[in-house]
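So you can see what is in the structure, the chains are spelled out below.
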Amino acid sequence: MPPEEDHRIEVHLDRLLAERGMTLAELAARVGVTVVNLSVLKNDRAKAIRFSTLAAICRELGCQPGDLLSYRDS
Amino acid sequence: MWGRCRSLQVGRGGRLLETVLGLALALAGLFGVLLPLLGVTGPFDSTRARDVTIEAVTRVPAAVSSGPVTLHGTHRAEIALAHPDVQQRILLALPDLFYGALLVLVLVLLLRMARTLRRDDVFVPENARRLQVIAAAIVAMGVLGPAVDAVTTHLLISGTAVSPAVPFAYTVSSAPLLLGLLVAALAEVFRQGTRLREDTEGLV
């Protein structure tokens, strides 16, 4: 994957998974996305996320999009 | 499992394509470039004749000029040089070398494109550029190739008794021109595909 430009969107997937005691593989199976793609998201290498994927993650983790994503001001 | 099967099929198909292109490249290099060059320098007998268009009509035996099926002469003939010197050998070989070099270029670029199949990643900017160069090479075959042929023929017969009978004849070859335009359109499709692929890279 080429180096990413700084879009300042932070993904807190690792924290949410740890709080719920869920592994990335389990979440991937429930959401219907590959582990590779979820790993890309978890490691801040994603450039875009589909609403359907975002909704599925929020459903399985019982959270809001704002819990998963935040904007870094500087 | 289906993804792995498909990957294997694409891999095998890609390798077969690379093999075929590699073989074509070797043959084009040998017959299109190396042998004409060696014909100029001397180890091999060079071509000594060239097809030309003449103003008169070639004659055929009278017996085949009547009946339900007839044979007619055309405006085609062949000039032959008994003992061409080095300069004449170069002029005779130039059209073959021109077409041969362009064909080698096209095959090298196609081979590089086929190698991107190994990565399952054909929609890359390099492939779009390669297709543009291939399109330009094919158009050059249709536009410049006949010009090289006409100019070298004119230089070969200039000042000889054959000269009045062979007019300077340059005609753009339409098939390579159309094919080149088609490939140029394909290059544009690849460029758009590359842009779309970049838009979805990193999309989860």
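Residues numbered from 1 in each chain as written. Chains lettered and ligands numbered in written order. Predicted model: local features only at pLDDT ≥ 70, side-chain atom pairs only at ≥ 80, totals over all residues. Heavy atoms only, no water.

Concerning the nonpolar core
Heads up, the condition is: Take the buried residues of types Ala, Val, Leu, Ile, Met, Phe, Trp, Tyr and Cys, join any two whose side-chain atoms come within 4.5 Å, and each joined set is a nonpolar core. The rule is simple: take the accessible area with a 1.4 Å probe, protein chains only, and divide by the maximum for that residue type; under 20% is buried, over 50% is exposed, in between is partly exposed. A run of H or I in DSSP counts as a helix once it spans at least four residues, and a run of E counts as a strand once it spans at least two, with each numbered from the N terminus. Residue contacts follow a heavy-atom distance rule, with two residues in contact if any of their heavy atoms lie within 4.5 Å.
Core analysis: the largest hydrophobic core is formed by 22 residues, its most contacted members being L13, L27, L38, L41, I57 and L61 of chain A. The leading source of residues in this core is helix α4 (residues 51–61) of chain A, at 5 residues. Beyond its immediate sequence surroundings of up to four residues, L38 of chain A is in contact with L13, L24, L27, A28, V33 and I57 of chain A. The next biggest cluster of nonpolar side chains, apart from the first, holds 15 residues, and it includes I134, I138, A140 and F190 of chain B.

Some remarks on the UniProt feature "domain: HTH cro/C1-type" (unreviewed entry) in chain A
The following threshold applies: UniProt positions are given in the numbering used here, feature names are shortened, and annotations may be inferred rather than shown by experiment.
Per the UniProt record, "domain: HTH cro/C1-type" (unreviewed entry) is annotated on residues 13–68 of chain A. Here residues 13–68 of chain A runs as 70% helix and 0% strand, with 6 Å between its end C-alpha atoms.

A word on the packing of helix α2 (residues 86–115) of chain B against helix α3 (residues 125–157) of chain B
Residue and element names in this part refer to chain B. Keep this limit in mind: Lines fitted to C-alpha atoms define the axes, with helix axes restricted to the stretch in contact, and inter-axis angles between N-to-C directions lie between 0 and 180 degrees. The labels follow the angle: roughly parallel below 35 degrees, roughly antiparallel above 145, roughly perpendicular from 65 to 115, and oblique for the rest. Classes in brief: Ala, Val, Leu, Ile, Met, Phe, Trp, Tyr, Cys and Pro nonpolar; Asp, Glu, Lys and Arg charged; the others, Gly included, polar.
Between α2 and α3, the shortest axis-to-axis distance is 9 Å and the interhelical angle comes to 175 degrees. Classified by the angle their axes make, α2 and α3 are roughly antiparallel. In terms of residue class, the contact of α2 with α3 is built from 24 nonpolar, 4 polar and 3 charged.

Details of the side chain of E18 of chain B
Let me state the cut-off plainly: Whenever a nitrogen or oxygen atom comes within 3.5 Å of another N or O atom, the pair is scored as a polar contact, on the condition that within protein one atom can donate a hydrogen and the other can accept it, and that pairs from neighbouring residues in sequence are kept only if both atoms are in side chains.
Take E18 of chain B: it is sitting in helix α1 (residues 2–41). A polar contact of 2.8 Å, which involves the side chain of E18 of chain B, links it to the side chain of R118 of chain B.

What about the packing of aromatic side chains?
The description of an aromatic ring pair rests on the distance of the ring centres and on the angle between the ring planes. All names here are of chain B. The cut-off we apply is this: Only Phe, Tyr and Trp rings take part, Trp by its six-membered ring, and two of them pair if their centres are within 6.5 Å. Stacked means planes under 30 degrees apart, edge-to-face means over 60, and tilted covers everything else.
Taken as a whole and assessed by the stated rule, the structure comprises 2 aromatic pairs over all chains. Measuring from centroid to centroid gives 5.9 Å for F98 and Y99, while their planes differ by 75 degrees, and the two rings are edge-to-face. Using a relative accessible area of 22% as the deciding quantity, one classes F98 as partly exposed.

Remarks on the layout of surface pockets
What counts here: Buried and open spaces are told apart on a 1 Å grid over the protein atoms alone, a cavity being a set of points where a 1.4 Å probe fits but cannot get out and a pocket being an open set with protein on both sides within 12 Å along at least five of seven lines. Residues with an atom within 4 Å of a point are the lining residues. Grid points are joined across faces, edges and corners, and a volume is the space filled by probe spheres set on the points.
Computed from the structure, the largest pocket encloses a volume of approximately 320 Å³. Together, 17 residues line the largest pocket, and T53, D149, A150, T153 and A169 of chain B are the ones closest to its centre. Elements supplying a minimum of two residues to the lining of the largest pocket: β1 (49–53) and α3 of chain B. Grouping the amino acids of the lining of the largest pocket by side-chain chemistry returns 9 nonpolar, 5 polar and 3 charged. Its volume calculated, the second largest pocket comes out at about 200 Å³. Taken together, 12 residues form the lining of the second largest pocket, with H7, I9, A46, K47 and A48 of chain A sitting closest to its centre. Classifying every residue of the lining of the second largest pocket by side-chain character gives 7 nonpolar, 1 polar and 4 charged.

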